[in-house]
Every structure is written in structure tokens, then in C-alpha cells.
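# Examining the three-dimensional arrangement
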Amino acid sequence: MATTASLSPLFLNSSLFPPSTHKLHSSSWSDYRSRTKPICVCVSITKAEVGVRKEDIVIVGAGIAGLATAVSLHRLGVGSLVLEQADSLRTGGTSLTLFKNGWRVLDAIGVGSELRTQFLEIQGMSIKSEDGRELRSFKFKDEDESQEVRAVERRILLETLANQLPPESVHFSSKLANIETTADGETILELTNGTRLHAKIIIGCDGIRSPVAKWMGFSDPKYVGHCAYRGLGYYPDGQPFEPKVNYIYGRGLRAGYVPVSPTRVYWFICVNNPSPGPKITDSVLLKKHAKDLVRNWPAEILNIIDLTPDDTIIRTPLVDRWLWPVVSPPASTGRVVLVGDAWHPMTPNLGQGACCALEDAVVLARKLANAMKSGNASVLDALRSYERERWPRIFPLTIRANLVGSLLQWENPVVCSVRNNVVIPKLVRLGPVLEHTNFDCEPLIQGIKV
Ligand SMILES: Cc1cc2nc3c(=O)[nH]c(=O)nc-3n(C[C@H](O)[C@H](O)[C@H](O)COP(=O)(O)OP(=O)(O)OC[C@H]3O[C@@H](n4cnc5c(N)ncnc54)[C@H](O)[C@@H]3O)c2cc1C
């Protein structure tokens, strides 16, 4: 029985926009923020229409993992439907540093070149103490000629990925509420608006608080003891910084900034906190907190915060989940599988969460696309093979990111002094530290790769 229509904005490519409106750098911040490359057009879908719809692959979540998986499958000739709880792509969020493994994947799925033109290549790294003394500096290419580092605006990354998909691939305002498995092995997804979808394969890309992971028996991610403030400074007349990542290490407190584009600079502050504390949404208050934390630190970090539009500032308690063998549930249950943060939330200390979500996406898509040619049993094999390939990569990285965070958040003055005067200047070598960014990824092409 047809019931009342729900409004579900569908994603369409923005061919209606004249080319000039696609330019990245606009004259004002609000202009820039309101300018969206993709357009979301509200299209009515009835509950009944969706309810009878049988999908081969449903992806829950239109974040980096969800969109990269959908695009990878699409490149291999496999369609999917993406459900996103929000009413549009995430426009908030700041920036992510992507290392060469992330770029290998973006190249493989065919969006690397488009993104490269918009974001600066970061040449190196400088580490300072809170009094402004430089402890160490590195050039990425000196350590590894093939390294590529750029900070990418999350919003633009999402839009670029989504624009690769056919119209109607992403359904917004579609929040997963419940999952059921039928006797014949089909999975039914129920959305909060009551619509039901039958799916042969479900890919949970629904982030750190993933309902899909919860349904599969995963525990909640664990708070690691520090929170991150982040923002995106805006310099309408051009930012003045060299293209390098800058870190400032204090006691139980660290900060950093990195130029993103000719007019934008990403910054973060990580501070120890015994508990995550209440969610703060008042951006003026967030800005004040952030500035108070680094008030006596090198002036440039304060200046960047001052030049940050309030609405880009966010505070995130950092969490992770260690995928212990035997104890942790497998990455797939039947034909439901996890990708990205939904499976392996990790702290951002190595800048690898999104990079690994991108890696997961291409690995899973290749295996699934191959398997779907050969039937049900192969799909289950493909999902298990995905886990076998990805777990040895993800598990150690999650632990390593956590340990690096603990080391950098030390409060003890003696330990911090040894870190700043011995470990960083004399012992750290960047090459081995960045070895985890090695990841080979061949282009995804139309047609199945054997
Ligand atoms: C402070 C900080 C800094 C970081 N810096 C970096 C960095 O420099 N480099 C890097 O590689 N990574 C970084 N990361 C990690 C990176 O942000 C994540 O790994 C990445 O966003 C994971 O993408 P995802 O798609 O798995 O999850 P998400 O980006 O969280 O996307 C999940 C999507 O699922 C949707 N969703 C959730 N529940 C439902 C539901 N019930 N129904 C439908 N949709 C749903 C959400 O709305 C969202 O759109 C950082 C993280 C933090 C916190």
C-alpha cells in the first residue's frame, strides 16, 4: 500500500551551474561556503516505492568511505545505492592531510588530478617547542621521493567523489534505524522514516558510531584521553606560510597548522582531558577555548585561529577501537561488511583514518566486483578475503596511532624535556615513521580485473 511521500533529496551532477561558479577561490567566505558544486534536488519517493525496491548493494553513509566505495564499484561497472542520514553532503568539517597512500587511491578511482589542482603540495615538516624553538625539520622528498602530502578540504573531497556517481545514487535524509536478516539470507534495512529496503550486500560506512557495527556486535569506540579543536583559517588576500606541516609540542597540549590552499590554513589543537566532556556547539565559545589553550605560544597559531570563521571550528573527543583477534567480531557478518571508521576508528595522530578508508574502499570494491560475477558463495569469500587483506594493515596502524598520541600528549616535564631535546632532534627518522604510507593501487577500470 502506498503511504505518504517522504522527501528524499537525490544527488545530481551540477551541469546546470555555469563554469565560473565552480571556481574554488571566491571573493568572500560566505560566498564560498554557500557555493556547492553538486546540487541536491528534493525528489519525492514514496515509502512503498522504496519498500519494494530490491538493491544488490546498499552502502550506509555518504562520508569518505561510503562515497569512495560507491565510486570504486561504479568504476568496475557495479551499481550501488548510498543512504545518508543528513540532508546533504557534510559541508562542515575542516581539512584532512592525505599522504601518498590516499593519493594512490584517489588516482586509481580517477579523481586525483582534479583534487591536486585545488590543494598545495606540502614539502616538509617543522617541529617546534612551545617557546617557538625549532626542534627538527624534514623535507618529505628527502626521505622518500615518492611521498605526496596535501591537506584537502573534506567538503571538496566529498563533493568530488559524489560527482563521479550517476544521478540518484545518494539518498539523503535516509537514516538507518534497524537491520534484519531473513531466513533466505537477504538483509532488510529499515530507515527512521519507516521505509524498508531489501539488499543483497550491505556495506556499513557509517562512521565511528556505526549502527551497522553495533548490530554486528562491535563495542563502542574508546575515548583515548584527549580532544581535538580544529578550524580552517581564511586569508582572503593570500596566506603567508611555506607549504609545510608545522607542529608545536607542549605538555599535555600540542598544536599544528598546515597550508591547504592559497587562501586557507588548517589548524588543530590537541589537549588532554580526563573525559570527553559535554558537546560544545557554540562556535564563539570553541574559538575562545582554543585561543586560551595556546595564548602564550608562538603568535602564528593564535593569528590563524583569529582568522578562522567561527562556523568551521569544531571540537572532537578522540576515540579508537583495537581489533583484537578472536575478541573482536569479524569485519563481515553474512553479506554485511564494514569499511572505514565504522570498522576501525583510529586516532588521527598518523593522519591515516581517511587514507585507510580510501584503501578499504578500493580493496573491497575489487573483490566484490569480481565475486558478483560468480554468485553467492564467492561474495562471502570476497568479504572474508577483504578482511584477511585489510586487518594486518589496520590493526597495527590503530595501535601505533594511539601510542604516538600518548607520546605527544605527555605532561610530565622531565619526559617532555627528553622528548623535545633528545628524541625529536636526535632520534626520530621520518622515513621509517612514514613507511605505513606505502600502498600500491592499480587504476580501477571498467570491467573486472582478474
Ligand atoms: C581531529 C581529526 C583529524 C583527522 N585528521 C585526519 C587526517 O589528517 N588524515 C586522515 O586520513 N584522516 C584524518 N582523520 C580521520 C578521518 O576523519 C576519518 O577516518 C574519516 O572521516 C572516516 O570516514 P568514514 O566515511 O569512514 O566516516 P565518516 O566521515 O564519519 O562518515 C560516516 C557517514 O555516515 C553517515 N551515517 C552515520 N550514521 C548513519 C545512519 N544511521 N544512517 C545513514 N547514514 C549514517 C554520517 O552522516 C556520515 O556522513 C581525522 C579525524 C579526526 C577526528
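Thresholds, definitions, all that
Residues numbered from 1 in each chain as written. Predicted model: local features only at pLDDT ≥ 70, side-chain atom pairs only at ≥ 80, totals over all residues. UniProt positions renumbered as here; feature names shortened; annotations may be inferred. Helix = DSSP H or I, 4+ residues; strand = E, 2+ residues; numbered from the N terminus. Buried ≥ 20, exposed ≤ 12 C-beta atoms within 10 Å, placed from the backbone. Contact = placed C-beta atoms within 7 Å. pLDDT = per-residue confidence, 0-100. Pairing = 2+ DSSP bridges. Near = placed C-beta within 6 Å. Nonpolar A, V, L, I, M, F, W, Y, C, P; charged D, E, K, R; others polar. Domains from an automatic or database assignment. Axes fitted to C-alpha atoms, helices over the stretch in contact; angles between N-to-C directions. Left-handed = near helix turned anticlockwise from the far one by under 90°. Core = buried A, V, L, I, M, F, W, Y, C linked by C-beta atoms within 7 Å. Arc of directions from axis to C-beta. Parallel < 35°, antiparallel > 145°, perpendicular 65-115°, else oblique.

The protein appears in an unreviewed UniProt entry as FAD-binding domain-containing protein from Acer yangbiense. Its UniProt record gives the protein the following Sequence similarities (unreviewed entry) comment, quoted word for word: "Belongs to the 3-hydroxybenzoate 6-hydroxylase family."

## So, the overall build of the protein
Along the backbone of the protein there are 14 helices and 19 strands. Within the span of the protein, comprising 450 residues, buried residues form 42% of the whole. Contacts spanning at least 24 positions in sequence make up 78% of the contacts within the protein whose residues lie at least 6 apart.

## Structural notes on the confidence of the model for the protein
Averaged over the protein, the pLDDT score is 86; the fraction of residues at 70 or greater is 86%. Overall, residues 48-52 carries pLDDT values under 50, and its contacts beyond four positions in sequence, including any with other chains, amount to eight contacts.

## Some thoughts on the pairing of strand β13 (residues 222-234)
Regular strands have side chains that alternate between both faces of the sheet. For β13 and strand β17 (residues 314-320), the ladder comprises six bridges, and the chain directions are antiparallel. The partner of K222 across the bridge, within β17, is D320. Relative to strand β16 (residues 264-272), β13 runs antiparallel, the two sharing nine bridges. Bridge pairing in β16 links Y229 to I269.

## Observations regarding the site of the ligand
Inspection of the region around the ligand gives 34 residues, with G61, G63, G207, G340 and G353 positioned closest. Contributions of two or more residues to the shell around the ligand are made by α3 (64-75), β5 (95-98), β13 and α11 (353-372). Among the elements that make up the shell around the ligand, the one with the highest residue count is α11 (four residues). Among the residues forming the shell around the ligand, the class breakdown is 17 nonpolar, eleven polar and six charged. The residue makeup of the shell around the ligand includes at least three contributed by each of domain 1 (5-111 + 153-221 + 322-403) and domain 2 (122-138 + 223-319).

## Points about the packing of α3 against α11
When two helices pack together, their arrangement is given by the angle between their axes and by how far apart the axes lie. Contact pair α3 / α11: the axes reach a minimum separation of 8 Å and the direction vectors enclose 35 degrees. Remark: the crossing between α3 and α11 carries right-handed chirality. Across the interface between the two elements, I64, A65, A68, T69, S72 and L73 of α3 pack against A354, A357, L358, D360, A361, V362, L364, A365, L368 and A369 of α11. Residue composition of the contact of α3 with α11, by class: 13 nonpolar, two polar and one charged.

## Considerations on unusual backbone geometry
Even without glycine at this site, E168 takes up a positive phi of about 70 degrees. Judged by local crowding, E168 falls into the partly exposed class, with 14 C-beta atoms found within 10 Å.

## Brief notes about the nonpolar core
What tends to happen in soluble globular proteins is that the nonpolar side chains get buried as a cluster. Of all hydrophobic cores here, the largest spans 108 residues; its most connected members are V58, A68, V339 and L368. Looking at this core element by element, the count peaks at 14 residues for α11. When sequence neighbours within four positions are dropped, the list of residues in contact with V58 reads S80, L81, L83, L189, L197, A199 and I202.

## Re the sheet that holds strand β14 (residues 244-249)
The strand order across the open sheet formed by seven strands is β7-β6-β14-β15-β16-β13-β17, and the pairing between neighbours is mixed. Looking at strand neighbours, the two that pair on one side only are β7 (134-139) and β17, the edges of this open sheet. When strand polarity is set aside, the average angle formed by the axes of neighbouring strands in this sheet is 20 degrees.

## As for helix α10 (residues 299-306)
Along an α-helix, residues three or four apart share an orientation, since each turn contains 3.6 residues. What α10 keeps buried is the set I301, I304 and I305. Burial along α10 is one-sided: seen end-on, the buried residues are contained in an arc of 100 degrees. Among the exposed residues of α10, those pointing more than 90 degrees away from its buried face are A299 and D306. Buried residues along α10 sit against β13, β14, β15 (253-261), β16 and α9 (283-293).

## Some points on the pairing of β7
One ladder, built from five bridges, connects strand β6 (residues 124-129) with β7; its direction is antiparallel. Bridging across to β7, K128 finds its partner in E134. What sits between β6 and β7 in their antiparallel hairpin is a turn of four residues, with G132 showing a positive phi close to 95 degrees.

## What to know about the packing of α3 against helix α7 (residues 154-162)
Packing of α3 against α7 leaves a shortest axis separation of 9 Å and a crossing angle of 25 degrees. The orientation of α3 with respect to α7, classified from their angle, is roughly parallel. The two elements α3 and α7 meet at a crossing, and its hand is left-handed. Listed contacts from α7 to I64, L67, A68 and V71 of α3 are L157, L158, L161 and A162. For the contact of α3 with α7, the class distribution of residues is eight nonpolar, no polar and no charged.

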